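Summary of structural features
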Amino acid sequence: MNKEIHLVKRPEGTPTDEHIQIVNGEKPSPAEGEVLVQLLYVSVDPYMRGRMNDTKSYIPPFALNEPMAGGVVAEIVESKYDGLNEGDIVTGMLPWKEFSTAQGDQLRKVDPALGPITYSLGILGMPGLTAYFGLMDIGQPKEGETIVVSGAAGAVGTVVAQIGKIVGCRVVGIAGTDDKIDYLKNTLQVDEAINYKTENVADALEKACPDGVDVYFDNVGGDISDAVYPLLNKFARIAQCGAIASYNVPNDQGPRMQMHLIKSSALIKGFTVGDYQDRFQEGFQHLSKWVQEGKLTYEETIQEGFENIPNAFFGLFTGENLGKQLVKVNEPSQK
Ligand SMILES: NC(=O)c1ccc[n+]([C@@H]2O[C@H](COP(=O)([O-])OP(=O)(O)OC[C@H]3O[C@@H](n4cnc5c(N)ncnc54)[C@H](OP(=O)(O)O)[C@@H]3O)[C@@H](O)[C@H]2O)c1
């Protein structure tokens, strides 16, 4: 038997158990050029919520009654591809099935010398690259400037906050629990951190940003962003990375931002990390160097068990995770 996680109903608002089902499938066999892999770690990510909708986007919707899919770390259990051998640890985009086949050239070998193998799903993977390019390319931070980052205690936000400090900026993080605020202030050493669930965000931001806001790295959108716009400095830059506050709210409406952008001559740019595909090596080199030097630290929240993948995914919308949310499905056969 080969357990699989299927999307069985498209959510209108917040996804729950009624939208997802665990089913038993067949264990596949690899064809020439393919490998059979077993899942070790699964990444759950907010963008997957968008793939549950049947709408046009930068990535196709999940099909109903088919496995959901995403970034994973897996182990090769059988190889019919020259470049990979049994026991190799790889990363790639694979369906949520305990065992899958994949084209060997669609997977990348994980180098354990660079850090724990899970880092390829976080700081040395998609979230780390998102933070790096969104902040450095769109945010263009300059020493002494003020960066505000929403979703600051998550996979992307924690990296943005730390790179902001590395490049000499004042960093203000916004997150949703006191433990996260404590982590941001005391472990990541940001200058100020605001709990958006217990504080008046507009008042707290005004106090935390006495010189205004030069760079806004926005993971969240919604009311939090509405509170940031009035503080934008002349020629501020907004990296529009995510809008998780709106993902489960159909037809979300809010205050208009145009006047704030005009008054501040601010630049706002939406992006997906895939826009930077040609420069991934550059981002990866910077991130791995900072990790090796101990300048970047990284937190992971790991649930255990294939059956818990949906719960871990749902938890992103209630803020259960500090840093990167992962699910451990299996141990590698050789440690
Ligand atoms: N553009 C890209 O290429 C790209 C790539 C990766 C991620 N993203 C986006 O970046 C954002 C962060 O992604 P991530 O992977 O790093 O996730 P994450 O921050 O690790 O996890 C999501 C976090 O969002 C916060 N949150 C949930 N609902 C919220 C709400 N209504 N209002 C405010 N905060 C809320 C929760 O933290 P709290 O406890 O603080 O509420 C939760 O822990 C997401 O919007 C994601 O879609 C974009």
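Rules used throughout
Residues numbered from 1 in each chain as written. Predicted model: local features only at pLDDT ≥ 70, side-chain atom pairs only at ≥ 80, totals over all residues. Heavy atoms only, no water. Domains from an automatic or database assignment. Contact = heavy atoms within 4.5 Å. Buried area = accessible area lost by both parts, 1.4 Å probe. Salt bridge = Lys/Arg side-chain N within 4 Å of Asp/Glu carboxyl O. Polar contact = N/O pair within 3.5 Å; in protein donor to acceptor, adjacent residues only side chain to side chain. Nonpolar A, V, L, I, M, F, W, Y, C, P; charged D, E, K, R; others polar. Helix = DSSP H or I, 4+ residues; strand = E, 2+ residues; numbered from the N terminus. Expected span 1.5 Å × (residues − 1). Buried < 20%, exposed > 50% of the residue type's maximum accessible area, 1.4 Å probe, protein only. Phe/Tyr/Trp six-rings, centres within 6.5 Å; stacked < 30°, edge-to-face > 60°.

If you check the domain split of the chain, you get domain 1 (2–122 + 299–328) and domain 2 (126–276 + 284–290). Centre-to-centre, using C-alpha coordinates, domain 1 lies 28 Å away from domain 2. Of the residues lining the interface, 21 residues belong to domain 1; the matching set on domain 2 comes to 16 residues. Interface area for domain 1 against domain 2, summed over the two sides, is near 1,400 Å², with a carbon-plus-sulfur share of 61%. Between domain 1 and domain 2 we count 0 salt bridges in total. Joining domain 1 to domain 2, the criterion identifies 5 residue pairs in polar contact (both at pLDDT 80 or more). When its residues are assigned to classes, the side of domain 1 that touches domain 2 shows 9 nonpolar, 7 polar and 5 charged.

Spanning 14 residues, helix α2 (residues 126–139) covers 18 Å between terminal C-alpha atoms, matching the ideal 20 Å at 1.5 Å per step. Burial within α2 is extensive, with 11 of its 14 residues counted as buried. Taken as a whole, α2 has its buried residues at P127, G128, L129, T130, A131, Y132, F133, G134, L135, I138 and G139. A positive backbone phi angle near 45° is found at Q140, which sits one or two residues after α2.

Within this structure, the stated rule accounts for 8 aromatic pairs. A ring pair is formed by F217 and F271, whose centres lie 6.4 Å apart and whose planes are at 75°; its orientation type is edge-to-face. Of this pair, F217 sits in strand β12 (residues 213–218) while F271 sits in the loop between β14 (267–270) and α9 (280–292), and the two are 54 residues apart along the sequence. A relative accessible area of 0% places F217 in the buried class. According to the relative accessible area criterion, F271 is buried, its value standing at 7%. Ring centres 6.4 Å apart and planes at 75° place the aromatic pair F271 and Y276 in the edge-to-face group. Given a relative accessible area of 7%, Y276 falls into the buried group.

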